[in-house]
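Overview (structure and organization)
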Amino acid sequence: MKYTHYPLHPEQQAIYFDQCQETDSTKYTVGLIIELQGLLDKEALSKAVNQVFQSLDFVGLRFTLVDGVPKQYNVQQYPELSTIDFSQTLDQSQQLQAWLKNELPYAFSLDRGDLVRVVLLTESDQRHVFVVLAHHIVVDGYGIVKLINKLGDAYISNIKGVEWKGNTQQYLPCVIESTEYSKTENYCKVEAYWKKTVHLHSPKINFLPAKYLGEVSKGVASYCCAMPRLMKEGMFEASQRLNIGGLLALCLAGLALHFSIYQQSSTVALGSVLHKRKGKAQRDVVGMFSGVLPFYITVDQAKTCSDLIKYVAQVIKHVYRHQCISTAQIKHASGHNDRLFDVLFSYNSFALDTDFNGLLHRLEDIYTDDSSYPLNIRVLDHGDRFGQQLSITYREDYFAPMEVSLLAKRLLKIWAFMIENTDQLLEALPICSIDEYQQLRSWSVNDFDPVKSLPNINKNKLHHSEVYRKEVCKPKGDYVHQWLEHNAVVFPNNPAMYFLENTITYTRLWPLLNTYGS
């Protein structure tokens, strides 16, 4: 059969070339695991899958090269619901979990087979697990949520015996529109904007070279923790109070403040994921639109928390006005071959509008650890019923697990403070985690000895003689801040601490005391 070939969306192109380099990689597999409890009508669910898939063109997409140029085409063939029943086995739950562990994340192939997969696992008549998987090249996280909402609505319509009226907006016309836009004068203006912006600011946050952590594996690890349930409500209230129109500004403001302190830089480069659908016409389209764009935030532009949040909101508006471009196109226009930033942030909302006729019990997103960025920070919002999580994926040759754990605690503390104290000065913001505060309190005693408190280091680098140790390291008072203040005055240029291959003097350390001690 002869198919009509279409160009790739700008956000699809980078995925295509990267996946071709690693054909068996699962890092572009996305989806949701949905636990359903109660009596499920499998026939109605199977019918819903067929109805929804046949109404959306992204499901039938395939990819090929035409004269050396990647193209996509619609084979108009759609996967059916696969069902696996563990209810007759002796250890139903273990068998189901073993399947999830062995099969996920699933590796799709761009040149053969379906790029969407749906599986229903049955543990018993009252418990089922519905797995929806797709390759990121055909759908983004925002689109996955839209897809599952459609599946849930179609299922409910089938249960009630009424006709499901699905939205018929298709993805490929949007791809054509995006391709035509890249030839317009407006696109040239967007490209010029990013070229100027990237050249104006530091290209990225530079982390310690990998050699500082030793010859360790360049693997990827993750850290995940629950966010306080009241934090989301507080974020919404703060965003409405400041009239910033969303949570992204508050999240990015907290991140920028944290990294500006720890990187000793007034301007911070962060990347953030945007779903990039243009206007209401594309809001319901299921496909691949999302991309990452850089945000350059100059923290010293603000004095209070509200100033910083409002300033970041303005930065976001500027980015949104110039969002119809991919990171690869920005790098090409600005002449950068390396990453534009090292920290990637995304606010992923997986809150569903459907409950599968009251059966929805639990949600879990499918996300493969990616080493494209040294640090990938995600806020996962599973709706009011299931709460939020903070997930941090990190390169093990850049970060140690303890660093990442402390980072998560600091971020939660910063966000909570900014929500509750929007008019407070930034310098009053408490950057320490609760564990770090407890450590400082334990140190704040008369016999405090910083040398004994730092094992596994070269103590000769901290003090060159017993006299130095007794006279300099002894606190001039009852608290650690008095010890630091004394040495900042008496020995301003002496080493206060050695961190790996870096030396920090008392003069440099002392200005941070108010931040740490607040």
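Here we summarise the structure given alongside this text. (Residues numbered from 1 in each chain as written. Predicted model: local features only at pLDDT ≥ 70, side-chain atom pairs only at ≥ 80, totals over all residues. Heavy atoms only, no water.)

Across its full length, the protein carries 16 helices and 15 strands. Within the protein, the fraction of its 518 residues that count as buried is 51%. Across the protein, the fraction of contacts at a sequence separation of at least 24, relative to all contacts at a separation of at least 6, is 74%. Only carbon and sulfur atoms are counted for the fraction: they give 49% of the accessible area of the protein, which is about 25100 Å². (Helix = DSSP H or I, 4+ residues; strand = E, 2+ residues; numbered from the N terminus. Buried < 20%, exposed > 50% of the residue type's maximum accessible area, 1.4 Å probe, protein only. Contact = heavy atoms within 4.5 Å. Areas by Shrake-Rupley, 256 points an atom, 1.4 Å probe, with all protein chains shown as cover.)

A separate point is the sheet that holds strand β10 (residues 343-349). Strand order in this open sheet of six strands is β7-β13-β12-β10-β8-β9, and the pairing throughout is mixed. The open sheet has two edge strands with one neighbour each: β7 (220-226) and β9 (291-298). Across the sheet, the axes of successive neighbouring strands diverge by a mean angle of 20 degrees, strand direction being ignored. (Pairing = 2+ DSSP bridges. Axes fitted to C-alpha atoms, helices over the stretch in contact; angles between N-to-C directions.)

With that out of the way, let us pick up the environment of E191. With respect to the secondary-structure elements, E191 resides in helix α6 (residues 185-200). What makes E191 partly exposed here is its relative accessible area of 25%. Here the alpha-carbon distance between E191 and Q323, two residues 132 residues apart in the chain, equals 9.9 Å. Here E191 is in contact with I325 and A333, once residues within four sequence places are set aside.

Turning next to empty space enclosed by the protein. If you roll a probe as big as a water molecule over the atoms, it shows you where there is empty space left. Applying the stated rule across the entire model yields one cavity of 30 Å³ or more. By volume, the largest cavity amounts to about 200 Å³. Along the wall of the largest cavity there are 17 residues; nearest its centre are H9, P10, S178, C324 and I325. Listing elements by their share of the lining of the largest cavity, those giving two or more residues are α1 (10-21) and α5 (172-181). Broken down by element, the lining of the largest cavity gets its largest block of residues, three residues, from α5. (1 Å grid on protein atoms, 1.4 Å probe; cavity = no way out; pocket = protein on both sides within 12 Å on 5 of 7 lines; lining within 4 Å. Points joined across faces, edges and corners; volume = space filled by probe spheres on them.)

With that settled, the discussion passes to the packing of helix α8 (residues 248-262) against helix α11 (residues 401-420). The interhelical angle for the contact between α8 and α11, taken along N-to-C directions, is 125 degrees, at an axis separation of 9 Å. In this view, α8 runs oblique relative to α11, as classed from their interaxial angle. For the pair α8 and α11, the crossing hand works out as right-handed. Contacts between α8 and α11 involve L250, C251, A253, G254, L255, H258, F259 and Y262 on the former and, on the latter, L407, R410, L411, I414, W415, M418 and I419. (Parallel < 35°, antiparallel > 145°, perpendicular 65-115°, else oblique. Left-handed = near helix turned anticlockwise from the far one by under 90°.)

Moving on, we come to the nonpolar core. Counting 72 residues, the largest nonpolar core has L252, I377, L390 and W415 as its most contacted members. Here this core gets eleven residues from one element, more than from any other, and that element is α8. Once you skip the residues sitting within four places of it in the chain, W415 turns out to touch M227, M231, M235, L250, C251, G254, L255, F345, V379 and L390. If you look at the next biggest cluster of nonpolar residues, it comprises 69 residues, including L61, Y155, I156 and L352. (Core = buried A, V, L, I, M, F, W, Y, C linked by side-chain atoms within 4.5 Å.)

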